[in-house]
Amino acid sequence: MFAILYSKNMDPFYNIFLSFPTVIFSLLIVLCILFCLVAVLGVVDFDILNFDLPEADNLNVDNLTNANVLASLMMRLGLVGIPAPIILFSMSLIGWLTSFILCYYTFKIFPEGILRFVCGVVILFSVSFFSAYITGLILRPFKKFFETANQEVQKEIIGHLGVVRTSKVNDKFGEATVEDGGAGLIVKVRSYKHEEFSRGDRIILLDYLPQENVYRVISEKDFNK
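Remember, it's a predicted structure, so these values are computed and weren't measured experimentally.

A.B. asks: Please give an account of the overall build of the chain that cites residues and values.
C.D. replies: From N to C terminus, the chain includes seven helices and seven strands. When each of the 225 residues of the chain is scored for burial, the buried share is 33%. Of all intrachain contacts in the chain linking residues separated by at least 6 positions in sequence, the fraction that spans at least 24 positions is 61%. A total of about 14300 Å² of accessible surface is found on the chain, and carbon and sulfur atoms cover 66% of it.

A.B. asks: Can you explain unusual backbone geometry? Please cite residues and give values.
C.D. replies: The omega torsion across F20 and P21 is 5°, close enough to zero to call that bond cis. Positionally, P21 belongs in the loop between α1 (11-17) and α2 (22-40).

A.B. asks: How would you explain the pairing of strand β1 (residues 161-164) if you had to name every residue and give the values?
C.D. replies: Residues G162 and V164 point to one face of β1 and are all buried, whereas L161 and V163, pointing to the other face, are not buried. Pairing between β1 and strand β3 (residues 175-178): three bridges, direction antiparallel. Across the sheet, the residue bridging to V163 is T177, located in β3.

A.B. asks: Can you lay out the sheet that holds strand β7 (residues 214-219) for me, pointing to particular residues and giving the numbers?
C.D. replies: Spatial strand order, β1-β3-β4-β7-β6: five strands in a closed barrel with mixed pairing. Strand-to-strand, the axes of this sheet are offset by a mean angle of 55°, without reference to chain direction. Direction of pairing for strand β4 (residues 185-191) relative to β7: parallel, over a ladder of three bridges. Its bridge partner lying in β7, V189 is registered against Y215.

A.B. asks: Provide a residue-level description of the side chain of T135, including the pertinent values.
C.D. replies: Counting through the fold element by element, T135 comes out in helix α5 (residues 114-139). In this structure the side chain of T135 is engaged in a polar contact, spanning 2.7 Å, whose partner is the backbone oxygen of S131. Apart from residues lying up to four places away in sequence, T135 is in contact with L79, I87, S90, M91, I94 and R140.

A.B. asks: Describe the nonpolar core, with residues and values.
C.D. replies: Counting residues in hydrophobic clusters, the biggest one holds 13 residues, and the most contacted among them are V187, V189, I203, L205 and Y215. Elements represented by at least two residues in this core include exactly β3, β4, β6 (202-209) and β7. Examining the composition of this core, we find that three residues originate from one element, β6, more than from any other. Not counting chain neighbours up to four residues away, the residues in contact with V189 comprise V169, N170, F173, G174, E175, A176, I203, Y215 and V217. In this structure, I16, W96, C103 and L124 belong to the second largest nonpolar core, which totals 11 residues.

A.B. asks: Before we move on, can you summarise the packing of helix α4 (residues 84-106) against α5 with the specific residues and values?
C.D. replies: Interhelical geometry of α4 versus α5 gives an angle of 135° and a closest axis separation of 8 Å. One finds that α4 runs oblique with respect to α5. In the packing of α4 onto α5, the handedness of the crossing is right-handed. Each of I86, I87, S90, M91, I94, G95, T98, S99, L102, C103 and T106 in α4 lies in contact with α5, whose residues at this interface are C119, I123, V127, S128, F130, S131, A132, I134, T135, I138 and L139. Tallied by class, residues from the contact of α4 with α5 come to 14 nonpolar, eight polar and no charged.

What counts and what doesn't
Residues numbered from 1 in each chain as written. Predicted model: local features only at pLDDT ≥ 70, side-chain atom pairs only at ≥ 80, totals over all residues. Heavy atoms only, no water. Helix = DSSP H or I, 4+ residues; strand = E, 2+ residues; numbered from the N terminus. Buried < 20%, exposed > 50% of the residue type's maximum accessible area, 1.4 Å probe, protein only. Contact = heavy atoms within 4.5 Å. Areas by Shrake-Rupley, 256 points an atom, 1.4 Å probe, with all protein chains shown as cover. Pairing = 2+ DSSP bridges. Axes fitted to C-alpha atoms, helices over the stretch in contact; angles between N-to-C directions. Polar contact = N/O pair within 3.5 Å; in protein donor to acceptor, adjacent residues only side chain to side chain. Core = buried A, V, L, I, M, F, W, Y, C linked by side-chain atoms within 4.5 Å. Parallel < 35°, antiparallel > 145°, perpendicular 65-115°, else oblique. Left-handed = near helix turned anticlockwise from the far one by under 90°. Nonpolar A, V, L, I, M, F, W, Y, C, P; charged D, E, K, R; others polar.

So this is what it looks like as structure tokens:
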């Protein structure tokens, strides 16, 4: 079954897969997969790629920073509130498929050289905008699901016991698992001041910080004093 992967019939696939601009989307997909694996192992926070965007009321012509431009784009696409890793993976996958199809046909027309490179640049920018637009259409209906689920979690797990799943938890980094009567939850947690916890330590979730989407925690021992 795997012999076909080594046949000459697969050469066009590999050529396009490793050629500009498809290779950029190929690398993004690989990076997204590696990031998810590392996040599952607890080395980094899953939503470390998420960041606060300026409110819509603060967007104006005199304040066009990178964050403001990104916030405006995210709002236009309807992607605000959806986890960044999901957005990036969706855009990368759609971009890869579209880029591969376009390159498959255009590479037959343009020989290797400057014309093919120029064509690749055009494909890269057009596919990037197209993948962002399609990602918005696909993920937009799930926005309310993420918002509702997050609000329900906030209400239910304050005061619950958690177990540190990352190598450490301090005032800047960390995740913990919390039993919710089902499969369990993984939440971002931060300690008070400079206290630090290690993997497997039992902690109590005391407070939720919505701006950062994290929970402030103390040790179970201190909570029971």
